[in-house]
Amino acid sequence: MPTRRRALPAALALALLVPLGGAALTSASSAPESDRTAGQAQGEPRYDATIRRTRHGIPHITGRSFGDLGFGSGYATAQTSACTLVDTVLTGRGERSRWFGPDAEYNDQVTLQASNLQVDAFVTDLRNRRVVERMLADRENGPSRQARAIVRGYVAGANAWLDEVGADGVSDPACSGQPYLEQRATALDLWYGVYLANLLASSGVFVKEIVDATPPSPGDPGVPAAGRAADVDRDRLLAGLGRDPETPFGSNATAVGAEHTTTGRGMVLGNPHFPWRGRYSFTQQHLTIPGRYDVAGASLIGSPVVNIGWNDDVAWSHTVSTAFRFTPYEYRLLGPTTYATDGGTAELERREVEVTVKTADGLEQVTEDVYRTPEGYVVDAPDVLMPWTAASVWAIRDANAEHLRTIDTFLDMGRADGVRDLIRRQDRQGGMPWVNTTAADRRGGVVYADHSVVPNVPDALAEQCMTGTGRLLFELAGLPGLDGTRAGSGCGWQTDDDSVRPGVFGPGALPETFRRDWVGNANDSYWTPNDRERLEGFARIIGCEQCQRTMRTRMVYRYVTDRLGRQQGNRVSPKVLRGWQHRNRLMAAEVMREDGDLDTVCDATGETEACAVLAAWDGRSEADSVGTHLFEAFVARLPKEGAWQVPFSPDEPLTTPRDLNELNPLVIEVMDEAIAAVRDAGVALDAPWGSLQVAGDRGAPPLPLGGGTGDAVGNANALASRWVRDNDDRYRPITYGSSHIQAVAFTDRGVRPRTILTYGQSENPRSPWSADQTRLFSQERWVRFPWTDRQIERDLVRRWRVVG
């Protein structure tokens, strides 16, 4: 249990929290460096940017330097997303408990769900160890001068806007007038925010298990791990590893090359499935240094660079990769905190962490402790077979905890002149944290690559070094649990000749394919980049081979193959590409309806009214489709075994499993349960889907939406209802899924981008840019993203010149 001691009374403590004044303050560890030319006049403003907002609030930012771009980006982001941006800064400082109380839950709506105290203890220990400061001083693993400049500018721009309006001038009711708005961020704060985003798929998954880890005692000896795969709930295991099958984190991307486009050039349809609010929601922006840099697209809040987007030569999108970013090490214990190594014995490092927390009586100091080995943090995680028992303890080595090159990676991608150059720039920077890349260029090339940060643990090393429980982890999840006794010698991560840093795979050991036909990914492994090519022979830690594809993957690919296969010479036009986003076909429905199997199953229940609805259903998830809710309820309950007569075959990965087993009593039973569940929810059996599935992000009216469940049902337009707060009186209010959607086509007349930000550019429900794009998304329409100066001036709403 944490210990508490009284600190200053709240009023006095808050009075001593002196704001960091000035728009251009930087942290001491990020030494002042100008990315201006040497001839910059003394007394000239350090930052000078122009922000032109076009319709829907899209900011087009122009400056003479990367610092200027950062300044404009930070200013514009604060205008539309101040509450989340400040929340991100407070999280990166380890101050959530100070402002929101220690017991309140922090949920990033992706992988991290922990109390404020647990989050703060984890972050405070990172800061006590000066993890980011050391990386900022590291020429090899730390950020470049330009990355530092754009981050410093971003923080200065956000501070400048807050200085202008003050806490009471922030109109968003989520944080208006709150005292923490008087704080001012430093560049160091934002770097910690970037670092925490890097850890999203690794250490961030285990924050509770790290902070709550305690040695076993006679009264709490720990829980021994299960000894056989049959004893383990695999879904629970995957959920504990950040891969919950019930709440998948993912995206779609399709790139079509010159062989199959009407333009003879490349085009990309990208649809990341991300939260509709909070830290990992997107904003759109366009960054330009005339003659030097020009890129547009979407950025996560707190990111000064474009994460998904395009320039005049190449367009790209990302999908979450199946690779693991960490490996657990199991250490044999000789005492509660004494473990064996191949050089003798060693003691776990115990670190005390003090966190300031808000209480009814003022501010108090709470002391937590965390444990470490040279490989990383100790975890106590029985749900993922890693308990701290009298026999052994586990620690996590995290590859994304060992670099700070993410900003550089995205910044450099914006300069690429084609798909090969795009991947070369990724590889040179070595900071792609947890995603695949799918891209196309104006010359007609396309690429799929998983060149993300992956621990260099080839299968041969895993085989030599896995412990008994570690082998079970490998068997069930593809994650090798290694022998900590030999972590400093024969079981340490390897380094390739082309590795960008020690301990990670080099590009030559990672999957990629450059083509001129088409490629895609929908969060299944790299194995099937299209319907014909197979990428094989890679380490299991990166992903599985010859393994089943989701219905969503099959649907994303079917859009392409159906178009190309209708008749000889069929090609994909920009209009056809855009149309795939809103076709709202359901792969599972198309497979289950073959030979009338779905109707046969329903008829066996005797539910005449419901079965008439399903029989007449259009098989899609359009807003006016009638029967989608019955089908979704059925698929959600489908048994994992025995649902198909033709099981998955590696020889037919995109057409199996198939043939719904209409004779299986369990399949009939779950159809009966699904119909009963819809009735119990008080929903009409013939209700149109759009009357049930509505927008659920903050401030949005309950607009009808097409699309629906992704992996199991097979919606490419994947939407989900998670952690609902708004429109919660509706059957399915959407808070997650299709987000910054882009259909980018290269033509002889230049790049043609069409986009939609499904939840709008502003998170403030009082803004006209809060739900305007949600309405367009509801109507299955697109935004013509202004790219050229002429287009920007035509769509111009307002212009600012901001200096600091």
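Above this text is the structure in question.
Counting starts from 1 at the beginning of each chain's written sequence and moves along it residue by residue. Local features in this predicted model are restricted to residues of pLDDT 70 or higher, and side-chain atom pairs are both shown and tallied only at a pLDDT of 80 or more, whereas totals for entire chains, interfaces and linings draw on every residue. Each side-chain value is derived from all of the structure's non-hydrogen atoms; neither hydrogens nor water enter the calculation.

**Q** Just give me the short version of the overall build of the protein, but keep the residues and values in it.
**A** Strands are runs of DSSP state E lasting at least 2 residues, helices are runs of H or I lasting at least 4, and numbering of each runs from the N terminus. For the protein, the helix and strand inventory stands at 23 helices and 33 strands. For the radius of gyration, the atoms used are the C-alpha atoms, and the globule rule reads 2.2 Å times the number of residues raised to 0.38. Against the compact-globule benchmark of 28 Å for 804 residues, the protein has a radius of gyration of 26 Å, which places it among compact chains. Based on the C-alpha atoms only, the size of the protein along its principal axes is roughly 70 × 70 × 55 Å. Burial statistics for the protein: of 804 residues in total, 63% are counted as buried. Whether two residues are in contact is decided by their heavy atoms: any pair within 4.5 Å suffices. For the protein, long-range pairs separated by at least 24 residues make up 70% of all intrachain contacts whose partners lie at least 6 apart in sequence. Here, Shrake-Rupley sampling with a 1.4 Å probe gives the accessible areas, and only protein chains in the shown set may cover a residue. Split by element, the accessible area of the protein, about 29100 Å² in all, is 47% carbon and sulfur. The charge count treats Lys and Arg as positive and Asp and Glu as negative. His and the chain ends do not count. Taken as the charge location is NZ of Lys, CZ of Arg, CG of Asp or CD of Glu. In the protein, 87 positive and 104 negative side-chain charges are present, and the distance between their average locations comes to 8 Å. Buried, partly exposed and exposed residues are distinguished by accessible area as a fraction of the type maximum, computed with a 1.4 Å probe on protein chains only: under 20%, between the cut-offs, and over 50%, respectively.

**Q** Got a sec to walk through the packing of helix H4 (residues 116-128) against helix H7 (residues 187-198)? Specific residues and values, please.
**A** Their axes nearest at 12 Å, the elements H4 and H7 cross at an angle of 120°. Between H4 and H7, the interaxial angle falls into the category oblique. Helix-helix and strand crossings are classified by hand; for H4 and H7 the assignment is right-handed. Two secondary-structure elements touch here, H4 through Phe 122, Val 123, Leu 126 and Arg 127 and H7 through Leu 188, Asp 189, Tyr 192, Tyr 195 and Leu 196. Any residue that is not Ala, Val, Leu, Ile, Met, Phe, Trp, Tyr, Cys, Pro, Asp, Glu, Lys or Arg is counted as polar, Gly included; the first ten are nonpolar and the last four charged. Across the contact of H4 with H7, the residue classes break down as 7 nonpolar, no polar and 2 charged. A fitted line through C-alpha atoms serves as each axis, taken over the contacting stretch for helices, and the angle formed by two N-to-C directions is quoted from 0 to 180°. Convention used here: angles under 35 degrees read as roughly parallel, angles over 145 as roughly antiparallel, angles from 65 to 115 as roughly perpendicular, and any remaining angle as oblique. Note on convention: near helix rotated counterclockwise from far helix by under a right angle means a left-handed crossing. Clockwise means right-handed.

**Q** Any details on unusual backbone geometry? Residues and values, ideally.
**A** Most of the time, phi is negative for any residue but glycine, and the peptide bond is trans. Each neighbour pair has its own omega, and for Thr 656 with Pro 657 the value is 0°, a cis peptide bond. When you line up the elements, Pro 657 lands in the loop between strand E24 (644-646) and strand E25 (658-660). Its identity is not glycine, yet Asn 584 carries a phi of approximately 55°, on the positive side. Structurally, Asn 584 can be placed in the loop between helix H15 (574-581) and helix H16 (587-592). Unlike most non-glycine residues, Asn 727 shows phi in positive territory, near 55°. Mapped onto the elements of the fold, Asn 727 is located in the loop between strand E27 (719-720) and strand E28 (732-734).

**Q** I'd like to hear about the pairing of strand E13 (residues 338-341), residue by residue, with values.
**A** Across 4 bridges, E13 lies against strand E14 (residues 344-347) in antiparallel orientation. Bridge pairing in E14 places Ala 340 opposite Thr 345. If you look at the hairpin formed by E13 and E14, you'll find 2 residues sitting between the two strands. Pairs of strands are assigned from DSSP output, requiring at least two bridges between the strands.

**Q** Describe the environment of Glu 368, naming the residues involved and giving the relevant values.
**A** In this fold, Glu 368 is placed in strand E16 (residues 362-373). Along the sequence, Glu 368 and Asp 212 sit 156 residues apart, while their C-alpha atoms lie 8.5 Å from each other.

**Q** Tell me what's going on with the state of the cysteines, and back it up with residues and numbers.
**A** When two cysteine sulfur atoms lie within 2.5 Å, the pair is treated as a disulfide. One pass over the structure, following the stated rule, counts 4 disulfides. Here Cys 465 pairs with Cys 491 through a disulfide, and the sulfurs are 2.1 Å apart. In this structure, the disulfide formed by Cys 465 and Cys 491 twists by about -90° around the S-S bond and is classed as left-handed. Here Cys 491 lies in the loop between strand E21 (482-483) and strand E22 (512-515) and Cys 465 lies in helix H12 (residues 459-465), a separation of 26 residues in the sequence. Cys 491 shares its class with Cys 465; the two are buried. Here the cysteine-cysteine linkages of the protein are recorded as 1-2, 3-4, 5-6, 7-8, numbering only bonded cysteines and doing so in sequence order.

**Q** I'd like a rundown of the side chain of Thr 735, residues and numbers included.
**A** Along the chain, Thr 735 falls in the loop between E28 and strand E29 (736-738). For Thr 735, a relative accessible area of 0% puts it in the buried group. Polar contacts involving the side chain of Thr 735 include one to the main-chain carbonyl oxygen of Arg 722, which spans 2.7 Å. Any N or O atom pair separated by 3.5 Å or less is treated as a polar contact, with the protein-specific requirement of one donor-capable and one acceptor-capable atom, and with residues adjacent in sequence counted only for side-chain atom pairs.

**Q** Break down the nonpolar core for me, citing the residues and quoting the values.
**A** Judged by nonpolar contacts, the single largest core of 242 residues is most densely connected at Phe 631 and Phe 634. Broken down by element, this core gets its largest block of residues, 12 residues, from helix H2 (residues 66-93). Excluding residues within four positions of it along the chain, Phe 634 makes contact with Met 592, Leu 598, Val 601, Val 667, Val 670, Met 671 and Ala 674. Remark: nonpolar core denotes a set of buried residues (Ala, Val, Leu, Ile, Met, Phe, Trp, Tyr, Cys) joined through side-chain atoms within 4.5 Å.

**Q** Got a sec to walk through H7? Specific residues and values, please.
**A** Here the expected length of a helix is defined as 1.5 Å per residue gap, with one fewer gap than residues. Here H7 spans 17 Å end to end across 12 residues, near enough to the 16 Å set by a 1.5 Å rise per residue. The buried fraction of H7 is high, at 12 of 12 residues. Taken together, the buried positions of H7 are Ala 187, Leu 188, Asp 189, Leu 190, Trp 191, Tyr 192, Gly 193, Val 194, Tyr 195, Leu 196, Ala 197 and Asn 198.

**Q** Break down the pattern of salt bridges for me, citing the residues and quoting the values.
**A** When a carboxyl oxygen of Asp or Glu lies within 4 Å of a side-chain nitrogen of Lys or Arg, that pair is called a salt bridge. In the structure shown here, the tally under the stated rule is 38 salt bridges. Between Asp 125 and Arg 129 there is a salt bridge, with its nearest N and O atoms 3.3 Å apart. Of the two residues examined, Asp 125 and Arg 129, each falls in the buried class. One salt bridge connects Asp 189 with Arg 127, and the closest N-O pair in it is separated by 3.5 Å. Of this pair, Asp 189 sits in helix H7 while Arg 127 sits in helix H4, and the two are 62 residues apart along the sequence. Within this structure, Asp 412, Arg 415, Asp 421, Arg 424, Arg 425 and Arg 428 form a network of salt bridges that share partners.

**Q** For the packing of H2 against helix H6 (residues 145-165), give the residues involved together with the corresponding values.
**A** Two numbers describe how H2 lies on H6: the axes approach to 6 Å, and their chain directions differ by 50°. Considered as vectors, H2 and H6 are oriented oblique to each other. Of the two possible hands of crossing, H2 and H6 adopt the one that is right-handed. A breakdown of the residues in the contact of H2 with H6 according to their chemical character gives 16 nonpolar, 9 polar and 1 charged.

**Q** Go over the side chain of Asp 483, please, and point to the residues and values.
**A** Relative to the helices and strands, Asp 483 is located in strand E21. Polar side-chain contacts of Asp 483 include one of 2.9 Å to the backbone nitrogen of Thr 485. Residues contacting Asp 483, with those up to four places away along its chain left out, are Tyr 329, Glu 330, Cys 465, Thr 467 and Cys 491.

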